[in-house]
Amino acid sequence: LESAETINETIEETTEESKEVKVYFFRGEGCSHCDEAEAWFQSIEEEYGSYFEIVDYETWYNQENAELMQQVAKARNEDASGVPDIIIGKQSWNGFTQSYGEEMISRIKSEYETDVKDRYDIMKLLPELSKEKEASTASDVIALIVILLVFGGICFGVYKARKKTK
């Protein structure tokens, strides 16, 4: 049996872990710019590591991750033009240069200060976006069926009318 103190510590750890900002990092194995971005994130780990968590997706050798990168880009109305593609909250950076550093740190801190339940997280929105697409597709199919039935009814009516006049 766990003590109340142990349970409270577990809850605090869970809350603290979930407070970390997710940094989505789409990269290619062997990409020099990706390696530079990864090294930069490691260099800020000591000072800012408690603020963020890297969620890493290798896209050059993993087809599922490459497709996910395409879906994320489409959902964000962006082009998945290459790696690294780094997403923090509503902001993204394609490619990497050291000059992005201060802006990324600022975005991480800003997201960290935002209540976890109010944060923008593109990965949580993807299932909703696909449900919207499925609902749209279903309504398109229903509309097509209705159109075909109406057209079929008109054709049948014309056929019957012609048959009566003969």
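**Student:** Would you mind showing me how to read the sheet that holds strand 1 (residues 21-27) here?
**Tutor:** As a general point, the strands of a sheet are linked pairwise by backbone hydrogen bonds and lie either parallel or antiparallel. Strand order across the open sheet formed by 4 strands is 2-1-3-4, with mixed pairing between neighbours. Here the strands that pair on one side only, and so sit at the sheet edges, are strand 2 (52-58) and strand 4 (91-94). Each neighbouring strand pair of the sheet contributes to a mean axis angle of 15°, computed without reference to strand direction. Alignment of strand 3 (residues 85-88) against strand 4, held across 4 bridges, turns out to be antiparallel. When the sheet's bridge partners are listed, Asp-85 is paired in strand 4 with Asn-94.

**Student:** Honestly, the nonpolar core in this entry has me stumped. Any pointers?
**Tutor:** One broad trend across soluble globular proteins is that nonpolar side chains are buried collectively. Counting 33 residues, the largest nonpolar core has Phe-26, Phe-41, Ile-86 and Met-123 as its most contacted members. Elements with a contribution of two residues or more to this core: strand 1, helix 2 (32-43), strand 2, helix 4 (63-75), strand 3, helix 5 (101-113) and helix 6 (122-165). By residue number, the principal contributor to this core is strand 1, which donates 5 residues. Dropping the residues within four chain positions of it, Ile-86 is found in contact with Val-23, Tyr-24, Phe-25, Ala-37, Phe-41, Gln-91, Ser-92, Trp-93, Phe-96 and Met-104.

Analysis parameters
Residues numbered from 1 in each chain as written. Predicted model: local features only at pLDDT ≥ 70, side-chain atom pairs only at ≥ 80, totals over all residues. Heavy atoms only, no water. Pairing = 2+ DSSP bridges. Helix = DSSP H or I, 4+ residues; strand = E, 2+ residues; numbered from the N terminus. Axes fitted to C-alpha atoms, helices over the stretch in contact; angles between N-to-C directions. Core = buried A, V, L, I, M, F, W, Y, C linked by side-chain atoms within 4.5 Å. Buried < 20%, exposed > 50% of the residue type's maximum accessible area, 1.4 Å probe, protein only. Contact = heavy atoms within 4.5 Å.

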